[in-house]
Amino acid sequence: MSGAVDSLMRLRQRFAGEGPEWLQIQREAAAQAFLDAGLPTRRLEAWKSTNLAPLAALDFARIAPTGAATLGASLAASLPAGIRVRSLAEVLRSEPDRIAGRLGRLADPKLSALVALQTACLEDGVVIELDANARIEEPIRIRFNSSPDVYDRPSASFPRLLVLAGAHSEATIVLDFGSEKPAPGFTCHVAELLLEKGARVELVQIQAEPAPRIHFSSVHAEVEGGARFDSSISSLSDGLLRSELDVRLIAPGAETGMNGFFLGRGTGHVDHFTTVEHAAPHCTSAQEYRGVLGDRSKGVFRGRVIVRPDAQKTDARQSNPNLLLSDSASVDTRPQLEIYADDVRASHGSTIGQLDADALFFLRARGIAESEARLLLTHAFASAIVEALRDPGLRADLIRRIDEALARLESARTVGGAA
Amino acid sequence: MPNVPLIEIKNLHANAGDTPILRGLDLEIRAGEVHAIMGPNGSGKSTLSNVLVGRPGYAVTDGEIRFRGQNLLEMDAETRAREGIFLAFQYPVEIPGVANNYFLRTAVNAIRSHRGQERLDAIDFLTLLREKMKLVEMPEEMMARAINEGFSGGEKKRNEILQMLLLDPAFCILDETDSGLDIDALRTVANGVNQMRSADRAMLVITHYQRLLDYIVPDRVHVLSKGRIVRSGGKELALELEEKGYGWIEGEAGQAS
């Protein structure tokens, strides 16, 4: 048995007996499912391109809290009527029935060993409830900060998010994963979003925990008729990162937009695995993931589109263009279409290329230094993804952070080239 | 140093890829002069302009180029631009996602910094930009768009001339700027170029046809054939070429060698 499995199973005992009975049963079943499956290895089809050996080797010293303490001041600000943002622990204490049957409904421990591990170690997190017709313009920001202990020992954190979006409610939720200082260990995040009729929810994930932190995220959304779920993910870490997104369109008129920007630098490994399931007719999905890989990093994009037999008039689009900025970087891109209906519009495409040499020369011929010209071009490539965000302040903030990450990549290239 | 040519090309041999194109080209241009180079397709016109601006893929195998007495071939492309060399491209590239106005300000400030001038802030730049846009009759909305994206052929060429006006170069090379332009666009472009004529600036107009030289009247005309200048003369040489065709010069050059 590995260090990670042993230490986590031991550490979870601290809170395994807490909370309502249904949760304790869920946790134990999940722990058993995790022990049966073990950590995923590359023998599994879904993990072919990503090696979790660095995770298996970790000996965890603690499980870090992820609840109320991490919510920050932004949530204390007054929220409009009909919108509640609370820590999961608090909801479990005061009104567990509100989330019984919902928490864990989409994230199935039997289908994923890491979802099982997350559920087995589930203690706290954030619950967002949007009553029918409730709307908030200002993004709800949640920041998860990993921080090292004084001995720099590995820590694990298991943040959980549950979003219950009532009919015709509307909100933007930002999940910002970062750390002031590199913190060894593992962040294992699961989110579930239930969108009722006509709801519009935008989920923005910023995955920016630096190496050696290992980041896993598994987000599940179920979208009812006329509702729209938008996901925007920016992966800016230089560590080992796996991000899963699973969207089910379950009634006519459901829509989803799934956008991602991932940047690889150093020896980073970034793996995006998306699944969109068209389970009803007249649903629309549009996915665009863009990768910029530099240094010796590796990118992986795997996009499954499943169209069920009665999902006629489906419109499903997927694209994954990638820029390789160094000879040692690589990307593995595999769209996967499983279409069982016959009246469907589905398109997918992936490309792997370098910066346009003519564009680069044009900018230099106007006096712009090569490194700055490269930045202008990578910025243009990346920012197209962020342009779709609804909130202008958030958009500007994210573009700034992407530019900083691109600049770090470019300066590493320049230094490496000179050496 | 009024007697030093602004640009001095001696015995230039250059390859495009692995193919030798320029085979011993000599040319001197002084400040204040406008020279035209004419020649048939494949004579080396575009190779010359690409070599002058340091485009990757073109290798100088012999000879030298001096710009204000400095060895131009030792400079990278961006340094040449900052030192005052400007090429108006024959086929301006489209760059999705990079806004024209942002690009232009970045370029102007790169060049100003190199010259020891203060960088322009957004407001001062806008004032300068508006003034220059009037000269090439470009609508303001084109500035917020991505560089050349969805521009017509004429709009792209105007955008090139706008860049030239903004960057204020000492030596301007116009590579087939007339290609793909209707007569109105040609007039506008030529008007922009003529605004730039001055005693401390030189221009090299590269063209296949004489038409552009009705609007940008050169001091000297050179005929390029098989990588060398085979004949030079005044502006009347362009008219003679138009009348007799390139076969006339090439036949003569063939007999001479």
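For every chain, the first residue of the written sequence is number 1, and numbering continues from 1 along that sequence. Working convention: letters from A go to chains and numbers from 1 go to ligands, in the order in which they are written. For a predicted model such as this one, the threshold for reporting local features is a pLDDT of at least 70, and the threshold for listing and counting side-chain atom pairs is 80 or more; totals across whole chains, interfaces and linings nevertheless cover every residue.

1. Side note on the overall build of chain B
Under the convention used in this document: Strands here are runs of E lasting at least two residues and helices are runs of H or I lasting at least four, both read from the DSSP assignment and numbered beginning at the N terminus. Atoms considered for the radius of gyration are the C-alpha atoms alone. The globule rule reads 2.2 Å times the number of residues to the power 0.38. Buried residues are those with 20 or more other C-beta atoms within 10 Å of their own C-beta, exposed residues have 12 or fewer, and partly exposed residues lie in between; C-beta atoms are placed from the backbone. Any two residues are considered in contact once their C-beta atoms, placed from the backbone, lie within 7 Å.
When its secondary structure is counted, chain B shows eight helices and 12 strands. For a compact globule of 257 residues, the expected C-alpha radius of gyration is about 18 Å, and chain B comes in at 18 Å, within 12% of that figure. Dimensions along the principal axes, computed over C-alpha positions, put chain B at roughly 60 × 40 × 35 Å. The 257 residues of chain B split such that 42% are buried. Partitioning the contacts of chain B with sequence separation of at least 6, the portion at a separation of at least 24 is 71%.

2. Topic: the overall build of chain A
When helices and strands are counted, chain A shows 10 helices and 19 strands. The C-alpha radius of gyration computed for chain A amounts to 21 Å, which stays within 12% of the reference 22 Å derived for 419 residues, consistent with globular compactness. Projecting the C-alpha coordinates of chain A onto the three principal axes gives extents of approximately 70 × 55 × 45 Å. A buried classification covers 50% of the 419 residues belonging to chain A. Considering only residue pairs separated by 6 or more positions, chain A has 83% of its internal contacts joining residues 24 or more positions apart.

3. Focus on the confidence of the model for chain B
Selection rule: For every residue, the predictor assigns a confidence score, pLDDT, that lies between 0 and 100.
Of all residues in chain B, 96% attain a pLDDT of 70 or more, and the chain-wide mean is 91. Note on the complex model: pTM 0.90, ipTM 0.95.

4. Remarks on the packing of helix α5 (residues 153-167) of chain B against helix α6 (residues 183-196) of chain B
Residues and elements named next belong to chain B. Rule in force here: Orientation is described by lines fitted to C-alpha atoms, with helices fitted over the stretch in contact, and by angles between N-to-C directions that extend from 0 to 180 degrees. If an angle is under 35 degrees, it is roughly parallel; if it is over 145, roughly antiparallel; if it lies from 65 to 115, roughly perpendicular; otherwise it is oblique. Under the scheme applied, nonpolar residues are Ala, Val, Leu, Ile, Met, Phe, Trp, Tyr, Cys and Pro; charged residues are Asp, Glu, Lys and Arg; polar residues are all the others, including Gly.
Two elements in contact, α5 and α6, have axes whose closest approach is 10 Å; the angle formed by their N-to-C orientations is 10°. By the angle between their directions, the pair α5 and α6 is classed as roughly parallel. Of α6, the residues touching α5 (which contributes Gly 154, Lys 157, Arg 158, Ile 161, Met 164 and Leu 165) are Ala 185, Thr 188, Val 189, Gly 192, Val 193 and Met 196. Classifying every residue of the contact of α5 with α6 gives seven nonpolar, three polar and two charged.

5. Quick notes on the interface of chain B and chain A
Between chain B and chain A, the residue contacts involve 19 residues of the former and 16 residues of the latter. Elements with a minimum of two residues in the side of chain B that touches chain A: α2 (77-83), β7 (95-99), α3 (100-114) and α5 of chain B.

6. Points about the sheet that holds strand β19 (residues 344-353) of chain A
All names here are of chain A. For clarity, the threshold we go by: Two strands pair if DSSP finds at least two bridges between them.
Read from one edge of the open sheet, eight strands run β4-β7-β9-β11-β13-β15-β17-β19, paired in parallel fashion. The sheet is open, and its two edges are formed by β4 (140-145) and β19, each paired on a single side. The sheet shows a mean angle of 5° between the axes of neighbouring strands, taken without regard to direction. Relative to strand β17 (residues 314-324), strand β15 (residues 284-293) runs parallel, the two sharing eight bridges. Bridge pairing in β17 links Gly 291 to Asn 322. Here helix α9 (residues 370-386) sits on the sheet and contacts β13 (255-264), β15 and β17; the angle it forms with β15, its principal contact strand, is near 150°.

7. As for the packing of helix α4 (residues 122-135) of chain B against α5 of chain B
Residue and element names in this part refer to chain B. Under the convention used in this document: For a crossing to be left-handed, the near helix must be turned anticlockwise from the far one by less than a right angle; the clockwise case is right-handed.
It is at 9 Å that the axes of α4 and α5 come closest, and there the two elements cross at 135°. The angle between α4 and α5 falls in the class oblique. Our pair here, α4 against α5, has a crossing hand that is right-handed. Facing α4, whose interface residues are Leu 128, Lys 132, Met 133 and Leu 135, α5 presents Leu 162, Leu 165 and Leu 166.

8. Comments concerning α6 of chain B
All names here are of chain B. We count it as follows: Residue count minus one, scaled by 1.5 Å, sets the expected span of a helix.
Its 14 residues give α6 an end-to-end C-alpha distance of 20 Å, which sits within 8% of 20 Å, the value for a rise of 1.5 Å per residue. Along α6, the residues that are buried comprise Leu 186, Thr 188, Val 189, Ala 190, Gly 192 and Val 193. Close packing links the buried residues of α6 with α4, α5 and β9 (171-175).

9. Describing the sheet that holds β9 of chain B
Residue and element names in this part refer to chain B. Across the sheet, six strands lie side by side as β6-β9-β10-β3-β11-β12; this open sheet has mixed pairing. Edge positions in the sheet fall to β6 (85-88) and β12 (228-233), since each of these pairs with one other strand and no more. With strand direction ignored, the average angle separating the axes of adjacent strands in the sheet is 20°. Pairing of strand β3 (residues 34-38) with strand β11 (residues 220-225), which is carried by four bridges, proceeds in the parallel orientation. Pairing of Met 38 across the sheet is with Val 223, part of β11. Contacts between α5 and the sheet are confined to β6 and β9, with β6 contributing the most and set at about 165° to the helix.

10. Comments concerning unusual backbone geometry
All names here are of chain A. In this structure, the amide linkage connecting Ala 211 to the following residue, Pro 212, adopts the cis form with an omega of 10°. Along the chain, the position of Pro 212 falls in the loop between β9 (200-207) and β10 (214-223). Backbone geometry at Asn 133 places phi at a positive 70°, although glycine is not the residue there. Along the chain, Asn 133 turns up in the loop between β3 (126-130) and β4.

11. Concerning the nonpolar core
How we decide: Structurally, a nonpolar core is described as a collection of buried Ala, Val, Leu, Ile, Met, Phe, Trp, Tyr and Cys residues joined by way of C-beta atoms within 7 Å.
Counting 191 residues, the largest nonpolar core has Val 163, Leu 193, Leu 195 and Val 201 of chain A together with Phe 86 of chain B as the members making the most contacts within it. When neighbours within four sequence positions are excluded, Phe 86 of chain B is seen to be in contact with Ala 81, Met 164, Leu 167, Pro 169, Phe 171, Cys 172 and Ile 173 of chain B.

12. Some remarks on helix α7 (residues 236-244) of chain B
Residue and element names in this part refer to chain B. Put simply, the rule reads: It is the directions from the helix axis to the C-beta atoms whose arc is reported.
Those residues of α7 that fall on the buried side of the exposure criterion are Leu 237, Ala 238 and Leu 241. With its buried residues spanning 100° around the axis, α7 presents them on a single face. Opposite the buried face of α7, by more than 90 degrees, sit the exposed residues Glu 236 and Glu 243. Count one or two residues on from α7 and you reach Gly 245, which has phi positive near 85°.

13. A closer look at the pairing of β3 of chain A
On any regular strand, side chains alternate: one points to one face of the sheet, the next to the other face. Residue and element names in this part refer to chain A. Judged by how many residues are buried, β3 sits mostly within the fold: five of five residues are covered. Burial along β3 is two-sided: the residues Val 126, Ile 128 and Leu 130 and Val 127 and Glu 129 are all buried. Here strand β2 (residues 83-87) pairs with β3 via five bridges, running antiparallel. Looking at the pairing, Ser 87 lines up with Val 126 of β3.

14. Quick word on the environment of Leu 204 of chain B
All names here are of chain B. When you line up the elements, Leu 204 lands in strand β10 (residues 202-207). Along the backbone, Leu 204 and Ile 29 are 175 residues apart, and their C-alpha atoms lie at a distance of 8.4 Å. Beyond its immediate sequence surroundings of up to four residues, Leu 204 is in contact with Ile 29, His 35, Ile 37 and Ile 173.

15. Considerations on the pairing of strand β6 (residues 160-165) of chain A
Residue and element names in this part refer to chain A. Along β6, six of the six residues are buried, which leaves the element largely enclosed by surrounding structure. Side chains of β6 alternate between two faces, with Arg 160, Leu 162 and Leu 164 and Leu 161, Val 163 and Ala 165 buried alike. Pairing analysis gives five bridges linking β3 to β6, with the strands arranged parallel. Paired with Val 127 across the bridge in β6 is Leu 162. Pairing between β6 and strand β8 (residues 185-195): six bridges, direction parallel. Directly across from Leu 164, in β8, lies its bridge partner Leu 194.

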